[in-house]
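Tertiary structure, described
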Amino acid sequence: MKHVLATAAALCAAACLTAGSALAAGTLTIGMTAGDLPQTTGNPDQGFEGYRFVGYNLYDSLVLWDLSQGDKAADIKPGLATEWHIDEGDNKRWIFTLRQGVKWHDGCPFTADDVVWNLGYSSNEKAPQFNPAQFAQARPYLGTYAGVEKVDDHTVAFITKVPDSLFPYEISYVLMISPCRAKEVNNNWTEYALHPSGTGPYKFDKTVAHQRLEMVPNADYWDKARVPKQDRLVLVPMPEASTRTAALLSGEVNWIEAPSPDAIDRLKSSGMQIVTKIYPHNWSYQLNFVKGPFTDKRVRQAANYALNRADMKDLLNGLMLEETSTVTPSAAYYGHPKIYDYDPAKAKALLKEANCLPCKVKFAISTSGSGQMQPLPMNELAKSQLDAAGFEVTLDTMDWNALLKLGREGAEEHPDTHAINISRAMQDPFNALIRHVWTGAWAPKGANWGHFSNPEIDKLVADILGEFDTAKRLALLTKLNEAMNEEAALIFVAHDLNPRAMSPKVKGFVQAQSWFQDLTPVSITP
Amino acid sequence: MIFYILRRILYAVPIALGVSVVCFSLVYIAPGDPLQTVMPPDATAETIEIVKHAYGFDKPIPVQYLIWLGRLATGDMGMSISTRRPVFLEVTDALANTSLLALFAVPIAFSLGYAIGVVAGCFPGRWIDRVVTGTAVIGVSLPNYWLGIVLVIVFAVEYMLLPATGMGPTGSTGFRILEWSSAKYLILPVITLAMIPIGILARTTRAAVAEVRNQDFVQTLRAKGLSEGAVIRHVLKNSLPQVMAVMGLQFGYLLGGSILVETVFTWPGSGFLLSKAIINRDVPVLQGTILTLSLVFVATNLVVDLLQSLVDPRIRRG
Amino acid sequence: MTDIAAIDRPLDTFDEQAAPATRVRGYWRSVLYRLRHDPVTLFFAAIVLLVVLAAIFAPLIAPFDPYKESVVGRLKPLGWRGHLFGTDELGRDMLSRLIYGGRVSLLMGVVPVLIASIVGGLLGVVGGFAGGRINTAIMRTMDVFYAFPSVLLAVAVAGAMGGGITNGMLALTLVFIPPMCRVAETATTQIRMLDYIEAARATGAGTVTVIRYHVLGNVLGPVFVYASSLVSVSILLASGLSFLGLGVRPPTADWGLMLSTLRQSIYVVPIVCALPGAVIFVSSVSFNLVSDGLRAAMDVRL
C-alpha cells in the first residue's frame, strides 16, 4: 500500500507541476454551501452566502459592515459613503457624503451620478439600465425607498416614503456596480456577469459556469488595510455537506462552510481548524396568528416551555446556541426578556388552561435550505419534545422553495398550517425584530407570515423608525425585543454557530459575529 | 427498406413534438415559483409579480409554449433564470462534460460487459457462468450512488489517492484528458457509472449468446465439421445485433448523464444540471435539458428500431 | 438507480420459436418442477420472502419503536444496549427502522410495477391485437414517454409533482407503463400473426375467445416475468428518488431516505451508515435473481 501511495504521490507531484499552480501558495479555495455560483451583476443571489463571498468582495455599498473583530455583534461602518445624516428640515431625506478618490476596477472614478444610476439599475422599471433580476434582489431592502437625487458630485440624498431611521442598514445591502462597464457591454447583463467591475477589495478574474469563480486582490483598494493578503480567492459551490467534508479532507479546497456536525471529530483528527461564532441567525417557528391554537398566547408560551434546547444542542454536537429570544444575547438590544426555560409540566398546565390538550398543530418544514441547519432531525426532535408536553405535532415536509412560497403567501392563505420553520437572518434591527411583528410587514407584503398585530407594538415600531438618535432608538429596540418575548411571538429554538472548517495552512481569519465575513486578512502558508 | 427508414424518421417528428409538450407542461405542474432562484427568501408577492412580468411568465401557458417553440425553431432555448446564460450554452457545456464521462465509461462497460457475457454464454450452467452471472447481477442491483459514496470515502478521504469531487483545479475549461492532474478526477465517477451498463450488457450478451447456441443452425454447423472456434464466431455474429441494440440504449443513457452519480461527484454534467434546475425551478434550463436529452434518446430509439427491423423484419413498427 | 437493465427495451420477445399454442396444463407443473430444482432461485426467493414477511409483520418483530428518539443514544455502533444494528442520527433503533423501512420500499417496489403491468399490459394487448391505427396511436403515445430516459422521467415527474410517496409511485408507474406495454404488444403482435390464431378464427372462435385463450395465455408469461424483473428496478429507483429528496418524506422510515440522511454521519459510525445501502442491495439482488429463475423456469425470453 505504502508503495502505491508513494508512486501516486510522485505521479501527482509531477503532474501538478505541469498543470500549473493548482493550490499554489496563497490560493484560498472555499467550498460554499450554495447550489450554484452567486450572480456577479451586483446584488448576488444565493442568500447572504452570495453577499459574503461575492457581493462584498467584488463590490461595496455606501454603508459596509465592520467585520474586523469577533467580540461583539458586527455593526455598520462607512463604505463608499464616509458619513450620513438625516436632513434637519425633512425626516424623510437622508444625506450621504460620498468617499472621494475611489476608482472602479475599470478605472473610472466613482461619483454621485453612479449612485443615482445604480438605484435606477435595481429599482426603476423605466430606466434603460433596469435589471429585473437585480430588482428582485434589492427590493426587500428598499421597502421605504422613494427616490434618490444628486446634491453635488460627492453628495446624494435618499428620499424615503416614511421616516426611516434604519435606512443606512437597508442601503448596506444595495451594492454599487460600475456604470462605465455597463456602458461598455451595452447593458447586456449576461456579458456584464463575465466582466464585472466594482470597487471592492477583489477583482474578478475568471469563472467556469456552475463550477468555480476566481478573484484576485485589488491592490488599489481604497481601504489599504483591507487589501487581500492571499494571491487568489476561488469559490466552489458544494451544496452537499458530505461532499464539502470529503473535498476538504482530500485537499481539493482549504476552507469549507458549514461542515456537518457529525463530521467535526473526523475533521479535527485530520488537523483541520474548526471555527464557530454566534451570529445573528435564528432557527425558530413563526406562528399563525390568524387561525388555530397559536392565536392563544398561553399555547405559544407552552410551546416555548416544552422545548428542551439542551438536547437539541447535543443533537447538533454542540454546534448551536440555545435560543432565548429572537436575537442573540450579544445583540445590543437584547435587554432582559422573559426566558422560557425547559419546563414540560408548566407547558402542559398552560395547554390545559388554554383548553388545548392534546393540542393539534401542523408545522411546515423543509428538507434542506440555506440557514436551515439540519432541518429534518431538528424538527423531528422538536416534534417529539412538543408531543411529550401535550402537543400533537404534524410535520408537513416540503422542499425549500415550496416552503418559501408558503412563507411568502402568509397565514391567511394557509389556515391549516400553524407554524413555519424558515430560519431568518437578523442582521439589522428591521430584519431581526420589526418584520416579524409589524402590521406594516404582513405577508404577502412583508415577512410577518402569521399576521401578528398588536397596536402597542405597532406604535413602538413607528417610534423606532422615527427616532434618529441612536441611543434613544436602542432603548426602544430593547423594549420591542422584550415585548416580543412576553408575547411569545415565535417558538424560539436555536441560533446557529456558523461552523467553518479550514486547513491548518489557513491563517489570519477573524470570525465576525455576522452573516458576512472579511476574507482579506487570510493568508495561506505553503 | 429505404422507404421504411424514411417513414420511421417521419414518425419521429410527432414524437419529438409530443416530447416538447411533455417537457413544457411538466415544469408547470411544479409547486414553487419558476422565478424562485432570482428571488431572495424575503421577496414579497408584489415584487414577484413585477419580475414575472419582466420575464414574460405572466402570459397564458399555451402562449408561452408557442413562443418557446417558435424560438426553439431558431435554436434559441431562452435564458437560464438563475445564471442569465443562454440555455443552449448551459446544455451544451453540460453535455460535453457528461460525454467526457461517457467517453470512458462506454468503452469500459461495453468491452467488459460484452467479454464476460460471451464467456458466460459459451458455458451456460458451468461454474464460470454462475460466477459471471452473479457479478452481473451485482452490477445491476447496486445502488450506484451508494457505491460512489463508498468509493469517495475509501479512495479520496482515507487513502487520499484520488480526488473526491468536481473536475479539478481549473474546472471543465482547463480539463486535459491526457494529463493525470485532470484525468484522475475521472476515475471514480467513471467506475461508478460503468457498473450498471457492465451488468446489463453481460446479462444481455449471455442470454443472446446462449440463445443462439441453442438454435438449429449451430448444430448444423457442428455437424458440418466446423471447429468450435468457427462455430463460436458464427454464434457471436448472430447474437451481435441484439447486443448492439442494448448497447445503443445504454449509450443513450450514459449520454443523458446519471443524475445520482453526477450529484454524488459534483460532476457538472447534464444530470447535475437537471437536478439543479429542478431544485431551483429554473424552467428554461429544465425544459432545454430534458428536451435535448430526450431528442438524443429519440434518435437512439430510432436507430434501435431500425436495427431490430433489420434482424426481424416482422416486427417493423408503424 | 440509473439506467437499469430491465428498463431497457425488452428485445424481440418472441422469435420464430414462439409457443405455438396455449400452454398446456403440464406447463405449470414443469415450471414448478424446474423451480424446485434451482437452489439459487430458491435461496433468494427465501430472502425475498423473509423481507416481505418482515415488512408485513414489522410491528410484531421490530425490537423497538422505529420513531422513538433518544439524543443521548444517537449514532451508536452495532450491538449497543440491545440495538443489534446500532442507532441512527436521532438515536432510533436501526434494525427496527430497517424492518419498517421495508414496508415503504417494498410498497414502492411493487405497487408501481403492478399498476404498470395492468395498464401497460392491457394497452399492449389491445394495440397488438387490434393492429393498424389503434396500435399506432397507442404505441406512438408510448414512444413519447419512451423518449425520456427512465431516470430522467422519474426524477422530472416526481420533482414536478413535489415528491412524496404517492407522487413517487405515480412517477415510477409512468416510467414502467411504456416498456410493459411494449412487451405485451410485441408478444401479442407475434402471436396474432401465427397460423394457429388464423386457424382458431377460421373455426369461428370470437375475438374475445381468441384473446382470452390464445393471446393472454401467451402474453401473461412474458408480462409476469418482465414485471418481476422490474420490482428490483423500482426499489432502486425509489431509493434514488428518496436520496435526491424527491421520494419518501421524513420521518417515515425508508431505505433510500435513511441512506441519504446517514450519509452525513458516515465518519461517526461507518458500518451503521452503510446498512441501508446494503439492505437495498441485498433485496435488489434477491428480486433480480428470483426473476431470473422465474424466467428460466417459465422458458420466457425477454
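Once a new chain begins, its residue numbering starts again from 1 and follows that chain's sequence as written. Whichever chain is written first is A, and whichever ligand is written first is 1; the rest continue in order. Local features in this predicted model are restricted to residues whose pLDDT is 70 or higher, and side-chain atom pairs enter the listing and the counts only when it is 80 or higher, whereas totals over whole chains, interfaces and linings include all residues.

**A few points about the overall build of chain B**
The helix and strand inventory of chain B stands at 12 helices and 0 strands. Put plainly, a residue is buried at 20 or more neighbouring C-beta atoms within 10 Å of its own, exposed at 12 or fewer, and partly exposed in between, counting only other residues' C-beta atoms, which are placed from the backbone. Looking at chain B as a whole, 53% of its 318 residues qualify as buried. Only DSSP runs of H or I reaching four residues or more are called helices, and only runs of E reaching two or more are called strands; each is numbered from the N terminus.

**Quick notes on the overall build of chain A**
Helix and strand counts for chain A stand at 17 helices and 24 strands. On C-alpha atoms alone, chain A measures out to a radius of gyration of 24 Å, which is about the 24 Å that the 2.2 N^0.38 rule sets for 526 residues. With the principal axes as the frame, chain A shows a C-alpha extent of 75 × 75 × 35 Å. Counting every position in chain A, which comprises 526 residues, the buried fraction comes to 57%. Remark: residues whose backbone-derived C-beta atoms lie within 7 Å of one another are considered to be in contact. Here the contacts in chain A between residues at least 6 apart in sequence split such that 69% fall between residues at least 24 apart. As a reference, a globule follows 2.2 Å times the number of residues to the power 0.38, and the radius of gyration itself is taken over C-alpha atoms.

**What to know about the sheet that holds strand β13 (residues 255–257) of chain A**
All names here are of chain A. Whether two strands pair depends on DSSP finding at least two bridges between them. The mixed open sheet is built from 7 strands, whose spatial order is β10-β11-β12-β1-β13-β22-β14. The open sheet has two edge strands with one neighbour each: β10 (202–208) and β14 (273–275). Geometrically, the sheet is characterised by an average inter-axis angle of 20° between neighbouring strands, direction not taken into account. As judged from the 6 bridges shared by β10 and strand β11 (residues 212–217), these two strands associate in the antiparallel manner. Bridge pairing in β11 places Thr 207 opposite Leu 213. Orientation is described by lines fitted to C-alpha atoms, with helices fitted over the stretch in contact, and by angles between N-to-C directions that extend from 0 to 180 degrees. In this fold helix α8 (residues 241–249) packs onto β1 (27–32), β13 and β22 (500–502), with an angle of close to 170° to the strand it touches most, β13.

**Looking at the interface of chain C and chain A**
Contacts between the two partners involve 19 residues from chain C and, on the opposite side, 20 residues from chain A. Residue polarity follows a fixed list, in which Ala, Val, Leu, Ile, Met, Phe, Trp, Tyr, Cys and Pro are nonpolar, Asp, Glu, Lys and Arg are charged, and the others, Gly among them, are polar. Its residues placed into classes, the side of chain C that touches chain A shows 8 nonpolar, 6 polar and 5 charged.

**What to know about the environment of A:Pro228**
Residues and elements named next belong to chain A. Checked against the element boundaries, Pro 228 lands in the loop between β11 and β12 (232–237). Pro 228 sits in the buried class, given 25 other C-beta atoms within 10 Å. Expressed as a C-alpha distance, the spacing of Pro 228 and Tyr 202, which sit 26 residues apart in the sequence, is 7.4 Å. Excluding residues that lie within four positions of it along the chain, Pro 228 makes contacts with Pro 201, Tyr 202, Pro 217, Leu 233, Leu 519 and Thr 520.

**Focus on the environment of B:Val261**
All names here are of chain B. Tracing the backbone through its elements, the reader meets Val 261 in helix α10 (residues 259–264). Classification of Val 261 by C-beta neighbours within 10 Å gives buried; the count is 29. Measuring from C-alpha to C-alpha, the distance between Val 261 and Asn 238 comes to 34 Å, with 23 residues separating the pair along the chain.

**Considering the sheet that holds strand β7 (residues 145–152) of chain A**
Residues and elements named next belong to chain A. Pairing within the open sheet is antiparallel, and its 4 strands lie in the order β5-β6-β8-β7. Looking at which strands have only one partner, the edges of the open sheet turn out to be β5 (81–87) and β7. Sheet twist, expressed as the average angle between the axes of neighbouring strands with direction ignored, equals 20°. Pairing between β7 and strand β8 (residues 155–160): 6 bridges, direction antiparallel. The partner of Glu 149 across the bridge, within β8, is Ala 157.

**Digging into the packing of helix α2 (residues 39–56) of chain C against helix α11 (residues 270–298) of chain C**
Describing two packed helices takes the angle between their axes plus the distance from one axis to the other. Residues and elements named next belong to chain C. α11 packs onto α2 with a crossing angle of 135° between their chain directions and a minimal axis gap of 8 Å. By the angle between their directions, the pair α2 and α11 is classed as oblique. Taken as a pair, α2 and α11 cross one another with a handedness that is left-handed. Packed against α2, whose contacting residues are Val 40, Thr 41, Phe 44, Ala 45, Ile 47, Val 48 and Val 51, the element α11 presents Val 282, Ser 283, Ser 286, Phe 287, Leu 289, Val 290 and Gly 293 at the interface. Broken down by class, the residue content of the contact of α2 with α11 amounts to 10 nonpolar, 4 polar and no charged. Each angle is binned into one of four classes, with values under 35 degrees roughly parallel, values over 145 roughly antiparallel, values of 65 to 115 roughly perpendicular, and all other values oblique. Each helix crossing is assigned a hand: it is left-handed if the near helix lies turned anticlockwise from the far helix by less than a right angle, otherwise right-handed if that turn is clockwise.

**A word on the nonpolar core**
A set of buried residues drawn from Ala, Val, Leu, Ile, Met, Phe, Trp, Tyr and Cys, joined through C-beta atoms within 7 Å, is what defines a nonpolar core. With 333 residues, the main nonpolar core has C:Ala154 and C:Val155 as its most contacted residues. In terms of residue count, the dominant contributor to this core is helix α7 (residues 180–213) of chain B (17 residues).

**Quick word on unusual backbone geometry**
Residue A:Pro358 follows A:Leu357 across a cis peptide bond; omega there is -5°. For A:Met373, which is not glycine, the phi dihedral falls at a positive 55°. Mapped onto the fold, A:Met373 is located in the loop between β17 (359–366) and α13 (375–388). The residue B:Thr266 is not glycine, and still its phi comes out positive at about 45°. Structurally, B:Thr266 can be placed in the loop between α10 and α11 (270–280).

**Focus on the packing of helix α4 (residues 87–122) of chain B against helix α5 (residues 127–141) of chain B**
All names here are of chain B. Between α4 and α5, whose axes approach to 8 Å, the crossing angle comes to 145°. Note on packing geometry: the crossing formed by α4 with α5 is left-handed. Of the residues in α5, those touching α4 at Ile 116, Val 119 and Ala 120 are Ile 128, Asp 129, Val 132 and Thr 133. Residue composition of the contact of α4 with α5, by class: 5 nonpolar, 1 polar and 1 charged.

**Concerning helix α14 (residues 400–409) of chain A**
All names here are of chain A. Burial analysis of α14 places 9 of its 10 residues in the buried class, the great majority of the element. Burial in α14 covers these residues: Trp 400, Asn 401, Ala 402, Leu 403, Leu 404, Lys 405, Leu 406, Gly 407 and Arg 408. Just downstream of α14 lies Gly 410, where phi reads positive at about 90°.

**Section: α11(C)**
All names here are of chain C. Here α11 contains 29 residues, and its C-alpha end-to-end distance of 42 Å stays within 8% of the 42 Å for a straight helix at 1.5 Å per residue. Where α11 bends most, the angle comes to about 30°, and this point is Pro 276. Asp 299 occupies a position one or two residues after α11 and carries a positive phi of about 55°. The length a helix should cover is 1.5 Å for every residue beyond the first. Fitting one axis to the seven residues ending at a residue and another to the seven starting there, the bend at that residue is the angle between the two axes.

**Examining the confidence of the model for chain A**
In the predicted model, chain A carries a mean pLDDT of 90, and the fraction of residues at 70 or more is 95%. A low-confidence stretch, residues 1–24 of chain A (pLDDT under 50), is modelled with 15 contacts involving residues beyond four sequence positions or located in other chains. Confidence of the predictor at the level of single residues is captured by pLDDT, which takes values from 0 to 100.

**Here's the deal with the pairing of β8(A)**
Residues and elements named next belong to chain A. Burial of β8 is one-sided: the residues Val 156, Phe 158 and Thr 160 facing one way are buried, the residues Thr 155, Ala 157 and Ile 159 facing the other way are not. Bridging between strand β6 (residues 90–98) and β8 involves 5 bridges; their strand directions are antiparallel. Across the sheet, residue Arg 93 finds its bridge partner in β8, namely Ile 159. If you look at the hairpin formed by β7 and β8, you'll find 2 residues sitting between the two strands.

**Comments concerning the confidence of the model for chain B**
Detailed reading of the predicted model is not advised wherever pLDDT is low. Residues and elements named next belong to chain B. With 90% of its residues at a pLDDT of 70 or more, chain B has an overall mean of 81. For chain B, the element scoring lowest by mean pLDDT is helix α2 (residues 45–55), at 72; α4 scores highest, at 89. For this predicted complex, the interface confidence score (ipTM) comes to 0.81, while the overall pTM stands at 0.83.

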